[in-house]
Amino acid sequence: MKVLKPEWVSHDGKPIFSIDIHPDDSRVATGGQGNDSGKVVIWNMAPIRDPKEEADENVPRILCQMDSHLGCVNCVRWSENGKFLASGGDDKLIMIWQISRGFGSGKSFGSNVTIVEHWRAVATLRGHSGDVLDLAWSPQDVWLASCSVDNTIVIWNAHKFSEQIAILKGHSGLVKGVTWDPVGKYLASQSDDKTLRVWRTGDWKEETSVTSCFKECGGTTHVLRLNWSPDGNHIVSAHAMNNAGPTAQIVERTGWGTSLDFVGHRKAITVVRFNPKILSKHIKKSSDKQQQQYSCCAIGSKDRSLSIWLTALKRPLVVMHDMFEGSVLDVSWSRTGLELVCCSIDGSVAYLGFDEQEIGVPMPKDDQQAFLEKVYGKSILANKTPNAPSQIIESAAVLNLQQQQQQQQQHQQQHSEASLGAMSTPSKSSSSIFVNGDMPFKPRDKQIETRTSDGTRRITPIFLAPQPDVGEVGIPTPFTSKSIAFKTTKESSKIIIEKQDRVTMPGMNTTSNSSQSQSMQSTPQPSTPKGEGGEGKKRSVEGVGTMSFAPLHTPMEIDRPATTATTATPSAEKDKPSSPTTQADKDKTTAPLTDKDTKTTIADKTKEVEKERKGDRDQEKDREKPRTPGLLSLKKHKVGRGRPRKADKEAREALMTAALTHTLPTINVEREAPQPVVSSQNLQLPVPIISKTTSRLVEGQTGGDNNLTVEVENDLAAGTGQLHRCRCLRTGTVLWEQILSSRVLAVAGSRHVTCVACEDKTVNLYGAGGKRLLPPLMLGSAVSVLRCTGHYVMAVTSHGYLYIWNTTQLKAVVQAQSLSSVMSGGERIIHATLTSEGVPVLTVSSGKSYSFAPEIGSWMVVSNREDRLQMCSDHQHCVPSKPRSTGPLASVQGGGRAMQQAGRVFQSSSHMQHVSTLSHLETQMATCLALKSSSEYRFWLETYIRYLAQEGLEEKLRTVCDDLLGPIFSRSSGASAWQPTILGTNKREFLKRILPTIGANLRWQRLYTEYQEQLESLDT
């Protein structure tokens, strides 16, 4: 026998209340008190058992440390397969931990501990009203039992966490220990009420109560961890008394007799743990030549000693006195049956190693299972379904629901098997690319390579699918301290390199039709003025034939507007009419650059950038000062010329003060309409580059049948002047055309309407057949963003004003709404969409997305990439199995992937995470209502209902169901205020669809029956 006591296995001197060895014997978990919270630590078993590994500095000792429990951790238990780790503590919570993929080693959050593995809480079980003291996984990991100081035992569904199978009530004192029968027929528990109770798992009723051996017990212990023998013959309890002496009472399975016990300890027994293996060897005193089978039991006591017993011997195999300075609280055996670890309240851990000659030969797992089946028959847990023994079904409606769900599962399984062959071969339609962005081009096995105009290679990144989430993470492999061996393969890469013979523009994604269509909708770049570097001149020439826009998802080169002396600012454009470009200017622009010119241009460009940065700093300082809207035209604000002189600054401030004093008495507050306090004159958004020809795909696919395209041609010769043409084509056939007197900046359209933004700050609207709907709409500045969806048109001007028109009713939905309240002068619009209901969604460079609600006259925050509420949300397990619907909210939140990843690194209280999840789900539903996104609202409402059912929040669940059901009788109170539909979805039909999800948990069978009967009465 080998005895070791590693001093480095500790919780910084704090008590360790529980310990458990992983089934693969490579890890050991401890639970106890941390500095300011409960602590769970997963240790490397190798340096504990081997002093050589302990001396090696390259061998990690701590694999992971979790500090999420608010109170002391009283128990940690690995599942039988080693996939999950359960921990329960004084915070009344049970947390289920699972290893995470794709993380390397690093520092633990809030501490200096270096962790090698990452384990995260995949479920938080809330069902106890007091401290959780003990946990036990059932055979084959079907159930998880927990006991608490609230005098109850809760049985959890291990196939679907957070679902309670049963709550066992019968103890009148604190329940401090639970253990399972190895064949799953019984569950035993021990309490401070001086009873040991055995419960049947068939109906969760009490089988028997043992009290005789506990009547003499006085005082109490922190835990009463009883245990069932691996052969199922008997239970050994903690803290029993016999002739005024502490014993570990043996309760026989046959008749539940109490004639035997283990004696010898001087103080109360705290923990009993059987070796998981049935052992066998020759007993010296036995005359039988055959090997005798027996069990091995470890007993810990408050007398600081540990004893090892063999049921074939009358005396203990070994007794370890004074191993600790405090009570022994927990013991754990390895799955091989030859190693044992124990912990004490003094915060230390001891290791004991045995060999087969000392303890016996362990029976193989298959032979032990066959032995149990031979004695007790086949285990009732062999083919156990999650809800089979949960509760008694009280109504025929729930029974019919279960049968229907089983039939649907069988049908879906058959359908998936039938379509597996078809899915393995992708069809042409499945790889097609849509223009509306519903299915972006994401090649998995193809690398597309093109060339830019200057000859640079442009390679499209290959789409990498996200890693599987929680439920798909398998059982962790045994941890090894050896370095990972890498090997190469001679197999050639399956990635196909496709070289396309075409030129792409810088900053423009042309790998798909979707990107081509979205390039017209992205935030455009300002036109390059004369006097700019050669790069800008070259780009204007190469842009002929395609309107050049910066993509929405890539960094734009025009984040900062040009501020050189020769650049005309938008405010200057408003006062100064635009002059047509002369032929000399064109020739000068298209002249090729020499090497000398290139060097000079680069040097000039560098100087201009430095001036630009200096001017922006001065401009930002000036913006911080309060401005008077009526005095903005006193003096033109020039940027890019460095810091203004102090004399000029003082003169300007004096002039503004005098003008303000003079103009204040003349303001007529009663007659004038209320004006916004914040002005958007400081917003300078970029405008599109004007190209010679532009083509915009409105409907269909490029080269496909029945596609709709809008083409624009600028600068057509017409006598002494120039005209500009816009025409609409259906599969190459011209449907209509219009002539414009001003050059076209941007164009957008749908099958119902086409909108054209011109250089003279006008917007032209055309209906079907090219009919002009309204005269040119005059805006305050040139258009920066132009969108068209259905019958709605949206425009954002360069001065930061939002316009939305309904072309069917020919009225404005939003009139010149300033963006200055949601963005500053240094920010840009990186994404802009208009829903089919006419709701705008604008994403600015700060990472926030906004929408304007004309009904309430206010901007609303739709999404924020740094929102801590999303980081706290823990709703991933309640998301419907069907894929999330695409919509405006999903487009700005990235499909919810960030929220799924955020939960892995969030470290906070479980209660805060619980409340934050509810707040996040309610915010998501309210946002979907504001965006008028019906499919997304149904998705989040179903997720919300699933989460309420999982967490057992009956009051909130009934509130939602009552709103969906509505009044039964039309004369009832509130009948007139209740609306039968929401965003076009019938509430009662949605309740019919979601009720089976609620009824799947038999905990809610009465609620399911109640609402199901009311729906049936409404139908009749």
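Each remark here, short or long, concerns the structure printed above.
Residues numbered from 1 in each chain as written. Predicted model: local features only at pLDDT ≥ 70, side-chain atom pairs only at ≥ 80, totals over all residues. Heavy atoms only, no water.

Caption draft 1: How the structure looks around the overall build of the protein. Summing up its helical and strand segments, the protein has 20 helices and 55 strands in all. Put simply, the protein has 1020 residues, and 47% of those count as buried. Across the protein, the fraction of contacts at a sequence separation of at least 24, relative to all contacts at a separation of at least 6, is 57%. Counting only carbon and sulfur atoms, one obtains 51% of the accessible surface of the protein, whose full area is about 50,800 Å². (Helix = DSSP H or I, 4+ residues; strand = E, 2+ residues; numbered from the N terminus. Buried < 20%, exposed > 50% of the residue type's maximum accessible area, 1.4 Å probe, protein only. Contact = heavy atoms within 4.5 Å. Areas by Shrake-Rupley, 256 points an atom, 1.4 Å probe, with all protein chains shown as cover.)

Caption draft 2: A look at helix α18 (residues 954–965). Here α18 is 12 residues long and its end C-alpha atoms lie 16 Å apart, about the 16 Å a rise of 1.5 Å per residue gives. Taken together, the buried positions of α18 are occupied by Leu957, Val960, Cys961, Leu964 and Leu965. Along the axis of α18, the buried residues cluster in a sector spanning 135°; they form a single face. Residues Glu955 and Thr959 are exposed on α18 and point more than 90 degrees away from its buried face. At its buried positions, α18 is contacted by α17 (934–951), α19 (987–999) and α20 (1005–1019). (Expected span 1.5 Å × (residues − 1). Arc of directions from axis to C-beta.)

Caption draft 3: How the structure looks around the pattern of salt bridges. A full pass over the atoms with the stated rule returns 34 salt bridges. Taking the shortest distance from any N to any O, the salt bridge between Arg77 and Asp330 comes out at 2.9 Å. You can see Arg77 sitting in strand β6 (residues 73–78) and its partner Asp330 sitting in strand β31 (residues 328–333), a full 253 residues away along the chain. Both residues of the pair, Arg77 and Asp330, belong to the buried class. The salt bridge partner of Arg200 is Asp203, with a shortest N-O separation of 3.1 Å. Of the residues examined, Arg200 reaches a relative accessible area of 27% and is grouped as partly exposed. (Salt bridge = Lys/Arg side-chain N within 4 Å of Asp/Glu carboxyl O.)

Caption draft 4: Representation of the pairing of strand β39 (residues 708–718) within the structure. The pairing of strand β38 (residues 693–699) with β39 spans 6 bridges and is classified as antiparallel. Directly across from Glu699, in β39, lies its bridge partner Leu708. Bridging between β39 and strand β40 (residues 721–730) involves 9 bridges; their strand directions are antiparallel. Bridge pairing links Val710 to Cys728 in β40. With antiparallel pairing between neighbouring strands as the criterion, β39 and β40 make up a hairpin whose turn holds 2 residues, including Gly719 at a positive phi of roughly 70°. (Pairing = 2+ DSSP bridges.)

Caption draft 5: Main features of the pairing of strand β33 (residues 349–353). Burial runs high along β33: 5 of the 5 residues are buried. Every second residue of β33 is oriented toward a common face, with Val349, Tyr351 and Gly353 on one face and Ala350 and Leu352 on the other, all of them buried. Sheet analysis places strand β1 (residues 2–4) next to β33, joined by 3 bridges and oriented antiparallel. Residue Leu4 lies in a different strand from β33, and its bridge partner there is Tyr351. Relative to β33, strand β32 (residues 339–344) runs antiparallel, the two sharing 5 bridges.

Caption draft 6: Focus on the environment of Glu922. Relative to the helices and strands, Glu922 is located in helix α16 (residues 910–931). A sequence separation of 18 residues divides Glu922 from Trp940, and the C-alpha atoms of the two residues are 8.4 Å apart. Polar contacts involving the side chain of Glu922 include one to the side chain of Tyr944, which spans 2.9 Å. (Polar contact = N/O pair within 3.5 Å; in protein donor to acceptor, adjacent residues only side chain to side chain.)

Caption draft 7: Quick look at the sheet that holds strand β51 (residues 840–844). Strand order in the open sheet made by the 4 strands is β50-β51-β52-β53, with antiparallel pairing throughout. On the outer flanks of this sheet lie β50 (829–834) and β53 (858–864), each paired with one strand and no other. Averaged over all pairs of adjacent strands, the angle between their axes in this sheet comes to 25°, without regard to strand direction. With 2 bridges connecting them, β51 and strand β52 (residues 848–853) associate as antiparallel partners. (Axes fitted to C-alpha atoms, helices over the stretch in contact; angles between N-to-C directions.)

Caption draft 8: A look at unusual backbone geometry. A positive phi angle, near 55°, is found at Trp256, a position not held by glycine. Assessed through its relative accessible area of 14%, Trp256 is described here as buried. One non-glycine residue, Asp715, lies in the positive phi region at around 60°. Among the structural elements, Asp715 can be located in strand β39. Look at Asp715 and you get buried, because its relative accessible area is 17%.

Caption draft 9: The arrangement of the sheet that holds β1 in detail. Overall, antiparallel pairing links the 4 strands, which are arranged β1-β33-β32-β31 in an open sheet. With partners counted over all chains shown, the strands left at the sheet margins are β1 and β31, one partner each. Looking at each pair of strands side by side, their axes are set apart by 15° on average, direction ignored.

Caption draft 10: Inspection of the packing of aromatic side chains at higher detail. Summed over all chains, the structure comprises 16 aromatic pairs. Taken together, a centroid distance of 6.4 Å and an interplanar angle of 10° make the contact between Tyr186 and Trp228 stacked. In this pair, Tyr186 sits in strand β17 (residues 186–191) while Trp228 sits in strand β20 (residues 227–228), placing the two residues 42 residues apart along the sequence. The same class applies to Tyr186 and to Trp228, which are both buried. Ring centres of Phe939 and Trp940 lie 5.2 Å apart, and the angle between their planes is 90°; this geometry places the pair in the edge-to-face category. Grouping residues by exposure puts Phe939 and Trp940 together as buried. (Phe/Tyr/Trp six-rings, centres within 6.5 Å; stacked < 30°, edge-to-face > 60°.)

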